[in-house]
Amino acid sequence: MSSGVGVEGFYTEEVREGGRRVGFDVVTVTGERGQLSRIRDLAGSSHGRREHTVGQYVVDLPSFENVALPLFRNVGSAEGGSRKVFVIDEIGKMELFSQPFIRAVRQTLDSSSCTILGTIPIPKGKPLALVEEVRSRRDVKIFTVSKENRNTILQDILSTL
């Protein structure tokens, strides 16, 4: 960010091959990348491990945790009291298969000296415990992003941050 605020964290990016979505990657704000999920026929064998799926996607927990979890370990270390924004995109169904991720998110929300910019899915189907926990926190401000407002809502979010 150009405002002199340090930014850390990760976001989820769609992976496409030949115009078709084949999965998602987790990408740190510094550009490190790992596989979050792939459609079943591209995911390969899980070698006897328990398979976590969301729709047609097989979640690669070891890969996700390898990229995302180390970011949480450094989040409290605001050097020189500098202001920091920590990005968590997203707290969603795929990510919530990871118990260490759930613990890290809770801990960061409860203790963090930094501002967290996170994304949660809109409620549909069975509620996800951590998502509802985040949604109902008093120290959380929810912005609902839609097709209509997605190009104009950024300024509101930035001024809140």
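Definitions and cut-offs
Residues numbered from 1 in each chain as written. Predicted model: local features only at pLDDT ≥ 70, side-chain atom pairs only at ≥ 80, totals over all residues. Heavy atoms only, no water. Pairing = 2+ DSSP bridges. Helix = DSSP H or I, 4+ residues; strand = E, 2+ residues; numbered from the N terminus. Axes fitted to C-alpha atoms, helices over the stretch in contact; angles between N-to-C directions. Contact = heavy atoms within 4.5 Å. Buried < 20%, exposed > 50% of the residue type's maximum accessible area, 1.4 Å probe, protein only. Core = buried A, V, L, I, M, F, W, Y, C linked by side-chain atoms within 4.5 Å. Parallel < 35°, antiparallel > 145°, perpendicular 65-115°, else oblique. Left-handed = near helix turned anticlockwise from the far one by under 90°. Nonpolar A, V, L, I, M, F, W, Y, C, P; charged D, E, K, R; others polar.

- In the nomenclature of an unreviewed UniProt entry, the chain corresponds to Cancer-related nucleoside-triphosphatase isoform X2 from the organism Notothenia coriiceps.

## Comments concerning the sheet that holds strand 3 (residues 33–39)
- The mixed open sheet is built from seven strands, whose spatial order is 4-5-3-2-1-6-7. Looking at strand neighbours, the two that pair on one side only are strand 4 (52–54) and strand 7 (115–118), the edges of this open sheet. Strand-to-strand twist in this sheet, taken as the mean axis angle between neighbours without regard to direction, amounts to 30 degrees.
- Note that strand 4 and strand 5 (residues 57–59) share three bridges and pair antiparallel. When the sheet's bridge partners are listed, Thr53 is paired in strand 5 with Val58.
- Set on the sheet, helix 3 (residues 99–111) makes contact with strand 1 (6–17), strand 6 (84–88) and strand 7; between it and strand 6 the angle comes to about 150 degrees.

## Things to note about the pairing of strand 6
- Within strand 6, five of the five residues are buried, which leaves the element mostly enclosed by the surrounding structure.
- A two-sided burial pattern is seen for strand 6, the buried positions comprising Lys84, Phe86 and Ile88 on one face and Val85 and Val87 on the other.
- In the sheet, strand 1 pairs with strand 6 via five bridges, with the strands oriented parallel. Pairing of Phe10 across the sheet is with Ile88, part of strand 6.
- Note that strand 6 and strand 7 share four bridges and pair parallel. Across the sheet, residue Val85 finds its bridge partner in strand 7, namely Thr115.

## Comments concerning the nonpolar core
- Formed by 32 residues in total, the largest nonpolar core has its most connected members in Phe10, Phe72, Ile88, Ile91, Phe101 and Val105.
- Mapped onto this core, the elements with two or more residues apiece are strand 1, strand 2 (20–28), strand 3, strand 5, helix 2 (61–74), strand 6, helix 3 and helix 4 (129–135).
- For this core, the element with the highest residue contribution is helix 2, accounting for seven residues.
- Apart from residues lying up to four places away in sequence, Phe72 is in contact with Phe10, Phe86, Ile88, Phe101, Ala104, Val105 and Thr108.

## Details of the environment of Glu90
- Secondary-structure assignment places Glu90 in the loop between strand 6 and helix 3.
- Using a relative accessible area of 27% as the deciding quantity, one classes Glu90 as partly exposed.
- Taking the C-alpha atoms as reference points, Glu90 and Thr12, 78 residues apart in sequence, are found 6.7 Å from one another.
- Sequence-distant contacts of Glu90, that is, excluding residues within four places in its chain, are made with Phe10, Thr12, Glu95, Phe101, Thr119, Ile120 and Pro121.

## Description of the packing of helix 2 against helix 3
- Between helix 2 and helix 3, the shortest axis-to-axis distance is 10 Å and the interhelical angle comes to 20 degrees. Judged by the angle between their axes, helix 2 and helix 3 are roughly parallel. Where helix 2 crosses over helix 3, the two elements pack in a sense that is left-handed. Residues Phe64, Glu65, Leu69 and Phe72 of helix 2 touch helix 3, and the partners they reach there are Pro100, Phe101, Ala104, Val105 and Thr108.
- Considering only residue class, the contact of helix 2 with helix 3 consists of seven nonpolar, one polar and one charged.

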